[in-house]
Amino acid sequence: MTAPLKFSAFVMNTTSHILHGAWRLPQAQQTDFSSLEHWVSLARTLEAGRFDYIFFADVVGLYDDYQGSWRKFVDSGLQIPSNDPLVLASALAYNTEHLGIAITSSILQEHPFDFARKISTLDHASGGRIAWNIVTSLSDNAWRNFGYDAITPHDERYEWAQEYVDVVYKLWEGSWDDDALVQDKTSGIHADFDKVRKIDHVGRRYRVEGPHLVAPSPQRTPVLFQAGSSPAGRRFAARNAEAQFIVSPSPEAAAALIDDTRRLAVEAGRAPRDLQFFQGLSFVIGSTEQEAQRKAAELDEIIDPTTILAHAAGGLGYDLGFYDLDTPIGDIETEGTQSTLAWLREAVPGREPTVRDLAQLRSHSGRVVGTPEQIADQLERWRDAGVDGINVINATIPGSYVEFIDEVLPVLRRRGLARHDYEQGTARRQSTGRDRLPDSHPAASYRQGVVDAHWHSTRPAAAPA
């Protein structure tokens, strides 16, 4: 029997995340993003609906200029102000019992030693419900915020990311044995010295002695998400990710992407099903098809297409504000995200997509309009294409999620397309039936006694900058 779909709520600690302009709707409460109660209430709603994750996107800088200025982002609230989602995680964990908490964090923004410590602490505090969305940051402003002159080239960022994850794998998986923490009050031995290791990592960018300062958490390594469909991004996902966030334009395109990425996972020494895929979709729900279409038209009236284009241009790492709308996208070369280009070419087969196509497609990207039954029909097509989960994009918070939970999920459950209840255990157990990474994952090579011989025989000679 095919497994039910998994569901995550795709949110950001800001007002205007994806469907720009929808925050102006009277029922939209995402302007309350600075309120902790806003997020705690949403997390409780999602858990009551049996969502798998609340999935926080994040940025650490502005997208690149639009029409020669960053004014557009401030004027429209396009992901500014934007608060740190990691700070929310412990409060959300305390106020929920089963909901997974996925946090986006860039290799740019935090040293891997400190990041590994924070994530392990959160994994302990949540009972093993933390996930990490690994990103490399695609805007020049983000890189300048951390002292660089400009963005590092695309493929080199993924080489950097590989060293970053190797450092945290060593800390999470290899520094402590499972039974190292003794806490024996009679003998006075708190931890077994012979079962705790320094990692002695010396690489191109990082030099980390260790040991990890946190004993093994329920998952050790958090559930690993990654987005991006460029060749380098998919190779990185095939080696490291447990779940990949995709934005394919159709189930057929998703099936091709999924099959090829699973092939890459096998080439990396993993099992095809070690990697799951979450498709990003938004929903306009009506009791009749006519009502759904009316609501979709009303949403189009409030969405700001110029802000949609400014966001898309920022994702490309290039100012599209000065380009004619009929300019072919292929004429614009950038070091920004290559996945946007791949998505556009999938969505506009047979010709080179233009700037106009980008604006139009982004405003309707992944939108499913219809009755709950019609939406269930579409979600069944996505599942049959190989998609494991849906990353639910909101127009309003909490309304988009309340409506989906109340109207669509009951239909999905009747069809076996959604879970009825949670399993007990960690976020990874909810998805895969196990608490820890499988032996086929590269992080597993750093476990226990294997680790010392491996690190000391493969340590590169180059010192970090």
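Residues numbered from 1 in each chain as written. Predicted model: local features only at pLDDT ≥ 70, side-chain atom pairs only at ≥ 80, totals over all residues. Heavy atoms only, no water.

- Going by the annotation in an unreviewed UniProt entry, the name recorded for the chain is LLM class flavin-dependent oxidoreductase, with Nocardia vermiculata given as the source organism.
- What UniProt states about the chain under its Sequence similarities (unreviewed entry) heading is, verbatim, "Belongs to the NtaA/SnaA/DszA monooxygenase family." (UniProt positions renumbered as here; feature names shortened; annotations may be inferred.)

### Concerning helix α12 (residues 355–364)
- For α12, every residue scored as buried is listed here: V355, D357, L358, A359 and S363.
- Looking one or two residues past α12, G366 carries a phi angle of roughly 65°, positive in sign. (Buried < 20%, exposed > 50% of the residue type's maximum accessible area, 1.4 Å probe, protein only. Helix = DSSP H or I, 4+ residues; strand = E, 2+ residues; numbered from the N terminus.)

### Looking at the packing of helix α7 (residues 231–240) against helix α8 (residues 251–267)
- In contact at an axis separation of 8 Å, α7 and α8 are set at 60° when each is read in the N-to-C sense. When the axes of α7 and α8 are compared, the pair comes out oblique. Considering the relative orientation of α7 and α8, their crossing is right-handed. The residues of α8 that touch α7, namely those facing R234, R235 and A238, are L257, D260, T261, L264 and A265.
- Taken together, the residues that form the contact of α7 with α8 break down as four nonpolar, one polar and three charged. (Axes fitted to C-alpha atoms, helices over the stretch in contact; angles between N-to-C directions. Parallel < 35°, antiparallel > 145°, perpendicular 65-115°, else oblique. Left-handed = near helix turned anticlockwise from the far one by under 90°. Contact = heavy atoms within 4.5 Å. Nonpolar A, V, L, I, M, F, W, Y, C, P; charged D, E, K, R; others polar.)

### Observations concerning empty space enclosed by the protein
- For the structure on display, the rule yields six cavities of 30 Å³ or more.
- If you add up the space inside the largest cavity, you get close to 110 Å³.
- In this structure, the largest cavity is lined by 15 residues; those nearest its centre are T15, H17, I18, Q30 and N394.
- Put simply, the second largest cavity is a space of about 60 Å³.
- At the level of elements, β7 (223–227), β9 (276–285) and α15 (427–432) are the ones that each hand at least two residues to the lining of the second largest cavity.
- Examining the composition of the lining of the second largest cavity, we find that three residues originate from one element, α15, more than from any other.
- Considered class by class, the residues forming the lining of the second largest cavity number five nonpolar, three polar and two charged. (1 Å grid on protein atoms, 1.4 Å probe; cavity = no way out; pocket = protein on both sides within 12 Å on 5 of 7 lines; lining within 4 Å. Points joined across faces, edges and corners; volume = space filled by probe spheres on them.)

### Observations regarding unusual backbone geometry
- The peptide bond linking I80 to P81 adopts the cis configuration, its omega dihedral lying at -5°.
- Relative to the elements of secondary structure, P81 occurs in the loop between α2 (71–76) and α3 (89–94).
- For the bond from I397 to P398, the omega torsion is 5°, close enough to zero to count as cis.
- Structurally, P398 is set in the loop between β11 (389–393) and α14 (399–414).
- Although it is not a glycine, Q183 sits at a positive phi angle of roughly 55°.
- Here Q183 is to be found in the loop between α6 (154–174) and β5 (201–202).

### Comments concerning the UniProt feature "binding site: FMN" (unreviewed entry) in the chain
- With numbering aligned to this structure, UniProt lists the feature "binding site: FMN" (unreviewed entry) at D58, T104, H154, Y158, S229 and S230.
- By the element assignment, T104 lies in strand β3 (residues 100–106).
- Under the relative-accessibility criterion, T104 is labelled buried at 4%.
- Filtering out sequence-adjacent residues up to four positions away, T104 remains in contact with F55, F56, A57, D58, N133 and V135.
- Side-chain polar atoms of T104 contact the backbone oxygen of F56, separated by 2.7 Å.
- For H154, the position within the fold is in helix α6.
- Engagement of the side chain of H154 in a polar contact is seen with the side chain of D155, the distance being 2.8 Å. (Polar contact = N/O pair within 3.5 Å; in protein donor to acceptor, adjacent residues only side chain to side chain.)

### Side note on the packing of aromatic side chains
- Under the criterion given, the structure shown has 22 aromatic pairs.
- Each ring, one from F7 and one from F404, has its centre 5.5 Å from the other, and the planes form 55°; the classification is tilted. Separated by 397 residues along the polypeptide, F7 in strand β1 (residues 6–12) and F404 in helix α14 bring together distant segments of the chain.
- Between F55 and F225, the aromatic rings sit 5.1 Å apart at their centres with planes inclined by 90°, giving edge-to-face as the arrangement. Of this pair, F55 sits in strand β2 (residues 53–57) while F225 sits in strand β7, and the two are 170 residues apart along the sequence. With respect to burial, F55 and F225 carry one shared label: buried.
- A connected cluster of aromatic rings, assembled from ring pairs, spans F10, Y53, F55, F225, F245 and F278. (Phe/Tyr/Trp six-rings, centres within 6.5 Å; stacked < 30°, edge-to-face > 60°.)

### Looking at the confidence of the model for the chain
- Counting all residues, the mean pLDDT for the chain is 91, and 93% of those residues have values of 70 or more.
- Contacts from residues 450–465, a stretch scored under 50 in pLDDT, to residues over four places away or in other chains number 29 contacts. (pLDDT = per-residue confidence, 0-100.)

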